Amino acid sequence: LARFEAAGRTGDPAVWAARRETLLARLDRAVRAEADGPRDVAPALVEHGFGGRSGRPPVEVSSGGAVVRLRGRIDRVDAGPGRLLVLDYKNSKGARLAEKLDADAFGETSFQIPTYLLAAARELPGRARLEATYAVLRSAERLAPVELDADDPVLAREAPPPSAAGGARRPFAAAVVEAVARVHRGALPIASRTCAYCPYGAICRFEGAAARDEEERT
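I will try to describe carefully the structure that is included in this document. (Residues numbered from 1 in each chain as written. Predicted model: local features only at pLDDT ≥ 70, side-chain atom pairs only at ≥ 80, totals over all residues. Heavy atoms only, no water.)

## With respect to the nonpolar core
Short version of the rule: In plain words, nonpolar cores are sets of buried Ala, Val, Leu, Ile, Met, Phe, Trp, Tyr and Cys residues tied together by side-chain atoms within 4.5 Å. Under the scheme applied here, a residue whose accessible area is under 20% of the maximum for its type counts as buried, over 50% as exposed, and between as partly exposed, the area being computed with a 1.4 Å probe on protein chains only. What counts as a helix is a DSSP run of H or I of at least four residues, what counts as a strand is a run of E of at least two, and both are numbered from the N terminus. Here, residues are in contact when the closest pair of their heavy atoms is within 4.5 Å.
Core analysis: the biggest nonpolar cluster contains 36 residues, and Phe106 and Leu117 have the highest contact counts within it. Among the elements that make up this core, the one with the highest residue count is helix H3 (residues 112-123) (6 residues). Setting aside residues up to four positions removed in sequence, leucine 117 forms contacts with Val86, Phe106, Leu130, Glu131, Ala132, Leu148 and Leu155.

## Regarding the sheet that holds strand S2 (residues 59-63)
How we decide: Pairing between strands is defined by DSSP: at least two bridges between them are needed. Every angle, taken between N-to-C directions, lies between 0 and 180 degrees, and every axis is a line fitted to C-alpha atoms, over only the stretch in contact when it is a helix.
Taken in spatial order, the 3 strands line up as S3-S2-S9 in an open sheet, and their pairing is mixed. Edge positions in the open sheet fall to strand S3 (66-70) and strand S9 (158-159), since each of these has one partner strand only. Against the sheet, H3 makes contact with S2 and S3, and its axis sits at roughly 115° relative to S2, the strand it touches most. Strands in contact with helix H5 (residues 172-185) are S2, S3 and S9; relative to S2, the strand with the most contacts, it is inclined by about 85°.

## As for the pattern of salt bridges
Put simply, the rule is: Whenever Lys or Arg places a side-chain nitrogen within 4 Å of a carboxyl oxygen from Asp or Glu, that contact is recorded as a salt bridge.
Across all of its chains, the model carries 18 salt bridges by this definition. Among the salt bridges present, the one from glutamate 131 reaches arginine 83, with a minimum N-O distance of 2.8 Å. Of the two residues, glutamate 131 is situated in strand S6 (residues 129-136) and arginine 83 in strand S5 (residues 83-90); the sequence distance between them amounts to 48 residues. Comparing glutamate 131 with arginine 83 shows no difference in burial state: the two are buried. Put simply, glutamate 178 and arginine 170 hold a salt bridge, and the shortest N to O gap is 2.3 Å.

The following block contains the structure:
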């Protein structure tokens, strides 16, 4: 903070004074929360990159003979003798984050968390249980984690044929391959939840949501 102040990168001094105190208070809450955290795991990976220019191979998933290579960077992975815990830091209020920690959302609305779980399990193998959660910095809280067995079919890197999956959840690998195939086909349907805050209503072709919003307002 002192270096940023000396370099003149903090903006209006009066505003910065308040922001600085807010930041320090948030940091204090985060450190205290860490002190009260679980004792059976400890940080093993921080800013762990995979794929791209990270120097580590991408995470490969396949389905029906098609292969997709994923890259990313995990904020943090804690590890213990029996489990891994992926932590993704968020500065938002976290209102909708819990939905992405539902294994049923993997490959539907949640792609980051399952990819991180695959990358963490590859880097730190041998743990029977895989967990992931979001650490919300504003409140210094962690959401209830998703918990999976390491051999859960939903995290299989190679998706079995649909007939072999039975009534189980669709493997994440299959969902990723299907999503990429849709992009390659140019199938990019708009699925906006709301148009209330969009400034491009006058030129947007997605009239359904806009019309629905208008009806709700009237």
